[in-house]
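Residues per chain, in single letters:
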Amino acid sequence: PPPPRPPPPPPFFLMIRRPRRSTPLYSSAASDVYKRQLLHRAFSIFIFNSKDQLLIQRRAQEKYHTGGLWSNTCCSHPSGKKPVTNEASKRLQEEMGLSCDLRYAFKFIYKAHIDNNLIEHELDHIFVGISDQEPNINPNEADAWQYIDENMLKKKLEINPYSFTPWFRIIAPHIWKHYNTLYA
């Protein structure tokens, strides 16, 4: 059997960024960051299998925001103590029980309303990887997963876009292009 999962982290702090700089200004409690709409760092991971299907997860209902919505393979916020790639790899293992090489694709800034009267305002670093491992999901983070091809995902996004997280709706239409470029 797989090793036991670590306990969920305590309320976390997010690194607040200076505009146009990579160094953090200060850290603040996540709830404060969302309420004040402060720009903070994040990363989103997109894992594909050898059939070019994307691994998506449904966020656990108990999540502090966007619980029950479908999203990319894994996402979180870097602490600023290690390179983002290292933190992304570690989080992929903690959340989905997966380990694979991650390649940096791009970064972008977005601002979106999420539930509980909160607003996400993130500088999101996007990573892509390939794995045929079966996920071993952490139930505190996700309650379902599936591999999906590009055409089926487009259909699902057209039919019911609000069953997906706001950041995923922004990234999804572009992710196959980046995947194909990185793994051509």
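Here, the structure is the one placed above.
Procedures and definitions
Residues numbered from 1 in each chain as written. Predicted model: local features only at pLDDT ≥ 70, side-chain atom pairs only at ≥ 80, totals over all residues. Heavy atoms only, no water. Buried < 20%, exposed > 50% of the residue type's maximum accessible area, 1.4 Å probe, protein only. Helix = DSSP H or I, 4+ residues; strand = E, 2+ residues; numbered from the N terminus. Pairing = 2+ DSSP bridges. Salt bridge = Lys/Arg side-chain N within 4 Å of Asp/Glu carboxyl O.

Visitor: Just to check I follow, could you spell out the pairing of strand S3 (residues 40-48) for this structure?
Guide: Every other side chain in a regular strand lies on the same face of the sheet, so the side chains alternate between the two faces. With respect to burial, S3 is a largely interior element, 9 of its 9 residues being buried. Neither face of S3 is open: one carries His40, Ala42, Ser44, Phe46 and Phe48, the other Arg41, Phe43, Ile45 and Ile47, and all of them are buried. Examined bridge by bridge, S3 and strand S6 (residues 74-76) share 3 bridges and lie antiparallel to one another. In the strand pairing of S6, Ile45 is matched with Cys74. Pairing between S3 and strand S4 (residues 54-59): 2 bridges, direction antiparallel. Note on S4: the bridge partner recorded for Ile47 is Leu55. Adjacent in sequence and paired antiparallel, S3 and S4 are bridged by 5 residues, among which Asp52 carries a positive phi angle near 65°.

Visitor: Help me out: how do you make sense of the pattern of salt bridges in this one?
Guide: Here the idea is simple: oppositely charged side chains can pair when their charged atoms come close. Tallied over the entire structure, the rule returns 8 salt bridges. Here Arg58 and Asp143 are joined by a salt bridge, their closest N and O atoms 2.6 Å apart. With Arg58 in strand S4 and Asp143 in strand S9 (residues 142-148), this residue pair connects regions lying 85 residues apart in the sequence. According to the relative accessible area criterion, Arg58 is partly exposed, its value standing at 27%. Here Glu150 and Lys154 are joined by a salt bridge, their closest N and O atoms 3.9 Å apart. Taken together, the positions of Glu150 and Lys154, both in helix H3 (residues 150-159) and 4 residues apart, correspond to about one turn of that helix. Three or more residues joined by partner-sharing salt bridges are found here, namely Lys63, Lys90, Arg91, Glu94, Glu95 and Glu141.

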